[in-house]
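# Structure at a glance
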Amino acid sequence: DPGFRFAMPIGQHIIEYPIMKQQYVMVKGEEGQHSGQDDSLRVNSVEGQQFNADASVEYMIRDKDSVAGLYQRYGMDFDDIVEKYYRSKFHTEIANAFASLTLVDAISGTGRHKVELAAKEALAKDFADDHIEILLVMVRAVYVPEAISNSIEAKTKAENELVQSRTTAHP
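Residues numbered from 1 in each chain as written. Predicted model: local features only at pLDDT ≥ 70, side-chain atom pairs only at ≥ 80, totals over all residues. Heavy atoms only, no water.

### Notes on the pattern of salt bridges
Here is the rule: Put simply, a salt bridge is a Lys or Arg side-chain nitrogen that is within 4 Å of an Asp or Glu carboxyl oxygen. Helix and strand definitions follow DSSP, with helices as H or I runs of at least four residues and strands as E runs of at least two, each counted in order from the N terminus. Only protein chains enter the calculation, and the probe is 1.4 Å; a residue is then buried if its accessible area is under 20% of its type maximum, exposed if over 50%, and partly exposed in between.
For the structure shown, the criterion picks out three salt bridges. The shortest N-O distance in the salt bridge between Asp130 and Arg73 comes to 1.9 Å. Here Arg73 lies in helix H1 (residues 67-74) and Asp130 lies in the loop between helix H4 (109-126) and strand S4 (132-143), a separation of 57 residues in the sequence. By relative accessible area, Asp130 is classed as buried at 3%. By relative accessible area, which is 47% here, Arg73 ends up partly exposed. The partner of Lys125 in a salt bridge is Glu121, with the nearest N and O atoms 4.0 Å apart. Within this pair, Lys125 and its partner Glu121 are both found in helix H4, separated by four residues, close to a single helical turn.

### Points about H1
What counts is decided by this rule: Along the arc lie the directions from the helix axis toward the C-beta atoms. Whether two residues touch is decided by their heavy atoms; if any such pair falls within 4.5 Å, the residues are in contact.
Listing the buried residues of H1 in full gives Val67, Leu70 and Tyr74. On an axial view of H1, the arc spanned by its buried residues comes to 55°, and they lie on one face. Residues of H1 that are buried sit in contact with strand S3 (50-61), helix H2 (78-98) and S4. Of the residues one or two after H1, Gly75 is the one with positive phi, at around 65°.

### Notes on H2
The test is simple: Expected helix span is computed as 1.5 Å times (number of residues minus one). Here the bend at a residue is taken as the angle between two axes, fitted respectively to the seven residues that end there and the seven that start there.
Between its first and last C-alpha, H2 extends 28 Å over 21 residues, near the 30 Å set by a 1.5 Å rise per residue. The sharpest bend along H2 reaches about 45° and sits at Tyr86.

Here it is, written out as structure tokens:
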């Protein structure tokens, strides 16, 4: 706002905002922002099956002129903004994209690609006001619960045995 303000140069400090490409990683393993703990996303399929997925989001501040607006809006370091505000948006939009797929589709390459595209589009809308460009959303891995994995494995084994028995019965 217009007017005069008293500012002491001693009490001020510089806050840096990175304008280069950043990556936020949410995984089960040792990499990512929360390494050493399970930071994978808990998501649901359209049938309500719960499973975990590793994902990452690449983003960058669209233009350096918008940095002042980010500080005015949030009043904190960029890393704190990412942890307190952006992380939950990343998680929500990726989870929403998984929620539109069946479990079988979610573990397929085509399903993962659909999730990546849908999440990228939704995040682009979410971050437009902050002038953040979403460059890439990547689903790194999908972890199906052990009971479901065993069931899929048993079904596949039974189908293979059936095909093999038909092949040997009718040469």
